[in-house]
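Structural overview for review
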Amino acid sequence: MKARVKWLEGAAMVGSAGEAGAEHAVVMDGPAEYGGRNLGPRPMELLLIGMGGCTQFDVLQILRKARQPVTDCVVELSAERAETDPKVFTRIHAHFIVSGAGLDPKRVERAIALSAEKYCSASIMLGATAEITHDFELRDTAGSVADAPPR
């Protein structure tokens, strides 16, 4: 894997990754006190987004293999950082909102656990400095909502 980050101006930069011909780019920016102009997410926000994408991908793959009728999945993440440098993540919470008709809560819970404990490289890496917790709610496309306690 390779990536490239080019400074644009102030605290703005553009990062790119991918193979030649299939590169993807994202603009990042820093805080205003360092010249940022809110042109894009901050690099640490992208780390959090990356973890959310990684774990959601795993959970969806596991649920598809289990033939669960998922129609939507959202992961809402919240994080706390250390007060002093390096301001690493110290706590991260992932709240999954999984929608579909007749989803099995035990299969959803198991998919989230497998992602957290075995498959999601981003979660496992960030877990070296942060306490990571998960919970979920199911939204039945017929209208009922079931909540699961935090793990």
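This section reports on the structure supplied with the text. (Residues numbered from 1 in each chain as written. Predicted model: local features only at pLDDT ≥ 70, side-chain atom pairs only at ≥ 80, totals over all residues. Heavy atoms only, no water.)

**Quick notes on the overall build of the protein**
- Regarding its fold elements, the protein presents 3 helices and 7 strands.
- What you see in the protein, going N to C, is helices and strands ordered as β-β-β-α-β-β-α-α-β-β.
- Considered along the principal axes of its C-alpha atoms, the protein spans approximately 50 × 40 × 30 Å.
- For the protein, the computed accessible surface area is about 9700 Å², with 54% contributed by carbon and sulfur atoms.
- The distance from the centre of the 17 positive side-chain charges to the centre of the 20 negative ones in the protein is 7 Å. (Helix = DSSP H or I, 4+ residues; strand = E, 2+ residues; numbered from the N terminus. Areas by Shrake-Rupley, 256 points an atom, 1.4 Å probe, with all protein chains shown as cover. Lys, Arg positive; Asp, Glu negative; His and termini not counted. Charge placed at Lys NZ, Arg CZ, Asp CG, Glu CD.)

**Focus on the pattern of salt bridges**
- Here the structure, examined in full by the defined rule, presents 3 salt bridges.
- Residue R107 pairs with D104 through a salt bridge whose shortest N-O separation is 3.8 Å.
- A residue is classified by how much of its surface remains accessible, and R107, at 40% relative accessible area, is partly exposed. (Salt bridge = Lys/Arg side-chain N within 4 Å of Asp/Glu carboxyl O. Buried < 20%, exposed > 50% of the residue type's maximum accessible area, 1.4 Å probe, protein only.)

**So, the side chain of E137**
- Relative to the helices and strands, E137 is located in strand 6 (residues 131–140).
- A polar contact is formed between the side chain of E137 and the side chain of R139, at a distance of 3.0 Å. (Polar contact = N/O pair within 3.5 Å; in protein donor to acceptor, adjacent residues only side chain to side chain.)

**Observations regarding the sheet that holds strand 3 (residues 24–28)**
- Read across the open sheet, the 3 strands follow the order 1-2-3; overall the sheet is antiparallel. Strands with a single pairing partner mark the edges of an open sheet, and in this sheet they are strand 1 (3–9) and strand 3. Sheet twist, expressed as the mean angle between neighbouring strand axes with direction ignored, is 20 degrees.
- Bridge analysis of strand 1 against strand 2 (residues 12–17) gives 6 bridges, and the strand direction is antiparallel. Paired with A3 across the two strands is A17, which belongs to strand 2. (Pairing = 2+ DSSP bridges. Axes fitted to C-alpha atoms, helices over the stretch in contact; angles between N-to-C directions.)

**Looking at the layout of surface pockets**
- In this model, the largest pocket occupies a volume close to 410 Å³.
- In this structure, the largest pocket is lined by 16 residues; those nearest its centre are P31, R42, M44, R81 and K87.
- With 4 residues, the single largest contributor to the lining of the largest pocket is helix 1 (residues 43–65).
- Counted as a void, the second largest pocket has a volume near 240 Å³.
- Around the second largest pocket, the lining residues are P43, L46, L47, G50, M51, S121, A122, M125 and L126.
- Among the secondary structure elements, those contributing two or more residues to the lining of the second largest pocket are helix 1 and helix 3 (121–126).
- Tallying contributions element by element places helix 1 first for the lining of the second largest pocket, with 5 residues. (1 Å grid on protein atoms, 1.4 Å probe; cavity = no way out; pocket = protein on both sides within 12 Å on 5 of 7 lines; lining within 4 Å. Points joined across faces, edges and corners; volume = space filled by probe spheres on them.)

**A few points about the environment of H134**
- Note on placement: H134 falls in strand 6.
- Accessibility expressed as a relative area gives 5% for H134, which makes it buried.
- Measuring from C-alpha to C-alpha, the distance between H134 and G100 comes to 19 Å, with 34 residues separating the pair along the chain.

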